[in-house]
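Single-letter residue listing:
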Protein chains: 2
Amino acid sequence: MPRVLALLGAGVVPAETLVLRADDLGVLRGDGVFETLHVRDGEPWLLDEHLERMRRSAERLALPLPADADLAGLARQACAAWPAGDEGALRLVCTRGPEDGGPPTVYATVAPVPESSRQARADGIAVVTATLGVTAGVRPESPWLLGGAKTLSYGVNTASQRWAAEQGAQDMLWVSVDGYALEAPTSALVWLADGALCTVPPADTGVLASTTAAWLLDHAAELGLRAERRMIRPAELHLVDGAWLASSVRGLVEVRRLDGVDLIPCPETARLQKLLGH
Amino acid sequence: MPRVLALLGAGVVPAETLVLRADDLGVLRGDGVFETLHVRDGEPWLLDEHLERMRRSAERLALPLPADADLAGLARQACAAWPAGDEGALRLVCTRGPEDGGPPTVYATVAPVPESSRQARADGIAVVTATLGVTAGVRPESPWLLGGAKTLSYGVNTASQRWAAEQGAQDMLWVSVDGYALEAPTSALVWLADGALCTVPPADTGVLASTTAAWLLDHAAELGLRAERRMIRPAELHLVDGAWLASSVRGLVEVRRLDGVDLIPCPETARLQKLLGH
């Protein structure tokens, strides 16, 4: 249950009072943007990077966002009310506002990190691949398809994770119709091959630019690894030195089983998780 | 501005009291379903057909819906508070409910038919085609892509209409990567060719099963026309006897310009609109 909620301009408010108008386009059309951040030591981690991405998403939607300073203040306010020693999941949301043209609702919630995420960090996860129905290159060429924008329209993301669960897996890896691994519904693909820590290039594919994957690649040299952004096919993931899904709250979780086939555990997982800090 | 709102179990309520919890997955993830109906003579038109489609959408999302009788009661309640002589746009919404597992929010709003819709009925519209990024057949084979489900995740639909407006058009016609016309973001494609009123087959393409197009095809014989469900390529639309976009509230609007090329006005538009009743 989200334990802390904050509303732009109103500070931290009781959960039951943080409500949206039922005619807000954020709910009627999933028309809005959001970010999810890891809360550590009472602070939102990588806040600047998330605000930058939120602004890029909002630009794709022609959605006016409050100033970065206001959004940062809101995020910090929500985190300040969270127990300092506990990690948490901060969500920043901006809706389009009511259909009749009223103002957007901008708010933050902080919730505990799900137990399933902690377990996934420790044990790794089983993943199934499935088509996203698109070619790898179509979304960057077609801005109306909103590739790379983190919007409130996460119906397909949610349905994909539900589908994976029905197959006995913990997550889905989306694949393009031309056969490239893209991303998971709420995380990025990261893998280790020939001494390089790799992820999928967002600009070529329309996948979301992962703040966590970017941070890991930026710090790969600290572990003696190179960093690469390139394409990969799912079959190749059975042959790499390690494969993970990376996201802000769940962190880095190892793919231990892919489409029903066990992957060899990667000895680098612990070092990478330690580098990431959770 | 929506003028009438109703909440399941609470009757017609003032607009400002019809609110959603900010942690409802309906807004956080666009996780929910909706229907939009035409209100005529104080009643929701084609209510049974819309409730049936809402139930199919909800099944795709594994979302429990209230009983049809309750949804119908809610719809009628909202319409009963609407001026009897005025047409209106009724929206029925069911969200997943709060992230912590609370109950869904089920509600109805009635709003005036936008002036732009009335004008589109009278004057027709300019339409631009654009890719939806998918092949025609991929969504029916891939249930996690939610083809044919009318969910709250309408971000791409909204962005597509915004894109069309930037091109000086009033709507977009989505095309599959294999070159078939699919549907518009909030309406179905209908055309007349060789004495047959035609639309795109939902089961083969994952387009939404249009209640309005189905009703028109079911009644085509009254105008001496056959009814066909088949695929068509955008280039062929320049050669047919008439092309329209069909939806519950806007009704039947003629495509008068496609990708910048004028189409010959169809003399059947008035008869078809009269058949449809708005």
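Structure's up top.
Quick look at the structure, then.

### Section: the overall build of chain A
Broken down by element type, chain A carries 10 helices and 15 strands. Its C-alpha atoms give chain A a radius of gyration of 19 Å, within 12% of the compact-globule value 19 Å for 278 residues. Once the C-alpha set of chain A is aligned to its principal axes, its extents read approximately 50 × 45 × 35 Å. The buried share of chain A, reckoned over its 278 residues, is 60%. Surface summary for chain A: the accessible area is close to 10600 Å², and the carbon and sulfur share equals 52%. Taken as two groups, the 25 positive and 35 negative side-chain charges of chain A have centres that lie 1 Å from each other.

### Considerations on the environment of Ala188 of chain A
Residues and elements named next belong to chain A. Counting through the fold element by element, Ala188 comes out in strand 10 (residues 188-193). Considered as a pair, Ala188 and Thr212 are 24 residues apart in the sequence and their alpha carbons are 8.2 Å apart. Sequence-distant contacts of Ala188, defined by excluding residues within four places in its chain, comprise Thr199, Ser210, Ala213, Trp244, Leu245 and Ala246.

### Points about the interface of chain A and chain B
Tallying the contact residues gives 49 residues for chain A and 49 residues for chain B. Summed over both partners, the interface of chain A with chain B buries about 4200 Å², with 64% contributed by carbon and sulfur atoms. For the pair chain A and chain B, the interface holds two salt bridges. Linking Glu99 of chain A and Arg91 of chain B is a salt bridge whose minimum nitrogen-to-oxygen distance equals 2.5 Å. At the junction of chain A and chain B, the tally comes to 21 residue pairs in polar contact (both at pLDDT 80 or more). Within the residue set of the side of chain A that touches chain B, elements represented by two or more residues are strand 3 (19-21), helix 1 (25-28), strand 6 (88-95), strand 8 (125-131), helix 6 (155-166) and strand 9 (171-175) of chain A. The element best represented in the side of chain A that touches chain B is helix 6 of chain A, accounting for seven residues. When grouped by side-chain class, the residues that make up the side of chain A that touches chain B number 28 nonpolar, 11 polar and 10 charged. Here strand 3 of chain A runs beside strand 3 (residues 19-21) of chain B; their pairing, made up of three bridges, is antiparallel. When the sheet's bridge partners are listed, Val19 of chain A is paired in strand 3 of chain B with Arg21 of chain B.

### Details of the packing of helix 2 (residues 47-60) of chain A against helix 3 (residues 68-80) of chain A
All names here are of chain A. Their axes nearest at 11 Å, the elements helix 2 and helix 3 cross at an angle of 125°. If you check the angle between helix 2 and helix 3, you find them oblique. Both helix 2 and helix 3 take part in a crossing whose hand is right-handed. Of helix 3, the residues touching helix 2 (which contributes Leu47, Leu51, Met54 and Arg55) are Asp68, Leu71, Ala72, Ala75 and Arg76. Residue composition of the contact of helix 2 with helix 3, by class: six nonpolar, no polar and three charged.

### Remarks on the packing of aromatic side chains
By the definition in use, this model includes six aromatic pairs over all chains. Both rings, one in Phe34 of chain A and one in Tyr154 of chain A, keep their centres 5.0 Å apart while their planes meet at 80°; by these two values the pair is edge-to-face. Remark: Tyr154 of chain A occurs in the loop between helix 5 (138-141) and helix 6 and Phe34 of chain A occurs in strand 4 (residues 32-40); sequence separation between them is 120 residues. Summarising the burial analysis for this pair, Phe34 of chain A and Tyr154 of chain A share the class buried. For the ring pair Trp144 of chain A and Trp163 of chain B, a centre distance of 5.0 Å and an interplane angle of 50° mean the geometry is tilted. Of the two residues, Trp144 of chain A is situated in the loop between helix 5 and helix 6 and Trp163 of chain B in helix 6 (residues 155-166); the pairing between them involves two chains. Looking at Trp144 of chain A, the relative accessible area reads 9%, which means it is buried. Residue classification places Trp163 of chain B among the partly exposed residues on the basis of a relative accessible area of 26%. For the cation-ring pair, Arg40 of chain B lies above Trp45 of chain B, with the distance from its terminal atom to the ring centre recorded as 3.7 Å.

### Some thoughts on helix 8 (residues 211-218) of chain B
Residue and element names in this part refer to chain B. Within helix 8, six of the eight residues are buried, which leaves it mostly tucked inside the rest of the structure. Those residues of helix 8 lying buried are Thr211, Thr212, Ala213, Trp215, Leu216 and Leu217. The opening residue of helix 8, the one whose side-chain oxygen lies 3.3 Å from the backbone nitrogen of Thr212, is Ser210.

### Thoughts on the pattern of salt bridges
Close approach of charged atoms allows side chains with opposite charge to pair. Residue and element names in this part refer to chain A. Here the structure, examined in full by the defined rule, presents 31 salt bridges over all chains. Taking the shortest distance from any N to any O, the salt bridge between Arg226 and Glu228 comes out at 2.8 Å. With a relative accessible area of 44%, Arg226 lands in the partly exposed category. One network of salt bridges, in which partners are shared, links Arg21, Asp23 and Asp100.

### Section: the side chain of Thr95 of chain B
Along the chain, the position of Thr95 of chain B falls in strand 6 (residues 88-95). Among the polar contacts listed, one links the side chain of Thr95 of chain B to the side chain of Asp24 of chain B, at a separation of 2.8 Å. Side-chain polar atoms of Thr95 of chain B contact the backbone nitrogen of Thr105 of chain B, separated by 3.0 Å. Excluding anything up to four places from it in sequence, Thr95 of chain B contacts Val27 of chain A together with Leu20, Asp24, Gly26, Asp31, Gly32, Leu63, Pro104, Thr105 and Leu152 of chain B.

### Some remarks on the side chain of Arg121 of chain B
All names here are of chain B. On the secondary structure map, Arg121 appears in helix 4 (residues 115-123). Here Val249 takes part through its backbone oxygen, which lies 2.7 Å from a polar atom of the side chain of Arg121. When residues no more than four places from it in sequence are discounted, the contact partners of Arg121 are His38, Glu87, Val113, Val249, Arg250, Leu252, Val253, Gln273 and His278.

### Some points on the relation of the copies chain A and chain B
Expressed as a screw operation, the relation of chain A to chain B combines 0.0 Å of axial shift with a rotation of 180°, fitting to an RMSD of 0.0 Å. Read as a symmetry element, the transformation amounts to a two-fold axis. Take the interface residues of chain A: 100% of them recur as interface residues in chain B, which is what a same-surface contact looks like.

### Points about helix 6 of chain B
An ideal rise of 1.5 Å per residue puts 16 Å on 12 residues; helix 6 of chain B measures up with 17 Å between its terminal C-alpha atoms. Within helix 6 of chain B the residues assigned to the buried category are Gly155, Asn157, Thr158, Ala159, Ser160, Arg162 and Ala164 of chain B. Buried residues along helix 6 of chain B sit against helix 2 of chain A together with strand 8 (125-131) and strand 9 (171-175) of chain B. Once helix 6 of chain B finishes, Gly168 of chain B follows within two positions and takes phi at roughly 80°, a positive value.

### Some remarks on the sheet that holds strand 2 (residues 11-13) of chain A
Either a parallel or an antiparallel arrangement is found when strands of a sheet pair, and the pairing is made through backbone hydrogen bonds. All names here are of chain A. Ordered in space as 2-1-7-6-4-5, the six strands form an open sheet in which the pairing is antiparallel. Each edge of the sheet is formed by a strand with only one pairing partner; in this case those strands are strand 2 and strand 5 (43-44). Pairing of strand 6 with strand 7 (residues 106-112), which is carried by seven bridges, proceeds in the antiparallel orientation. Among the inter-strand pairings, Leu92 is bridged to a residue of strand 7, identified as Ala108. Strand contacts of helix 3: strand 1 (4-7), strand 2, strand 4, strand 5, strand 6 and strand 7, with the helix running at about 30° to strand 7, the strand carrying the most contacts.

Conventions adopted
Residues numbered from 1 in each chain as written. Chains lettered and ligands numbered in written order. Predicted model: local features only at pLDDT ≥ 70, side-chain atom pairs only at ≥ 80, totals over all residues. Heavy atoms only, no water. Helix = DSSP H or I, 4+ residues; strand = E, 2+ residues; numbered from the N terminus. Rg over C-alpha atoms; globule rule 2.2 N^0.38 Å. Buried < 20%, exposed > 50% of the residue type's maximum accessible area, 1.4 Å probe, protein only. Areas by Shrake-Rupley, 256 points an atom, 1.4 Å probe, with all protein chains shown as cover. Lys, Arg positive; Asp, Glu negative; His and termini not counted. Charge placed at Lys NZ, Arg CZ, Asp CG, Glu CD. Contact = heavy atoms within 4.5 Å. Buried area = accessible area lost by both parts, 1.4 Å probe. Salt bridge = Lys/Arg side-chain N within 4 Å of Asp/Glu carboxyl O. Polar contact = N/O pair within 3.5 Å; in protein donor to acceptor, adjacent residues only side chain to side chain. Nonpolar A, V, L, I, M, F, W, Y, C, P; charged D, E, K, R; others polar. Pairing = 2+ DSSP bridges. Axes fitted to C-alpha atoms, helices over the stretch in contact; angles between N-to-C directions. Parallel < 35°, antiparallel > 145°, perpendicular 65-115°, else oblique. Left-handed = near helix turned anticlockwise from the far one by under 90°. Phe/Tyr/Trp six-rings, centres within 6.5 Å; stacked < 30°, edge-to-face > 60°. Lys NZ or Arg CZ within 6 Å of the ring centre and 35° of its normal. Least-squares fit on C-alpha atoms with pLDDT ≥ 70 in both. Expected span 1.5 Å × (residues − 1).

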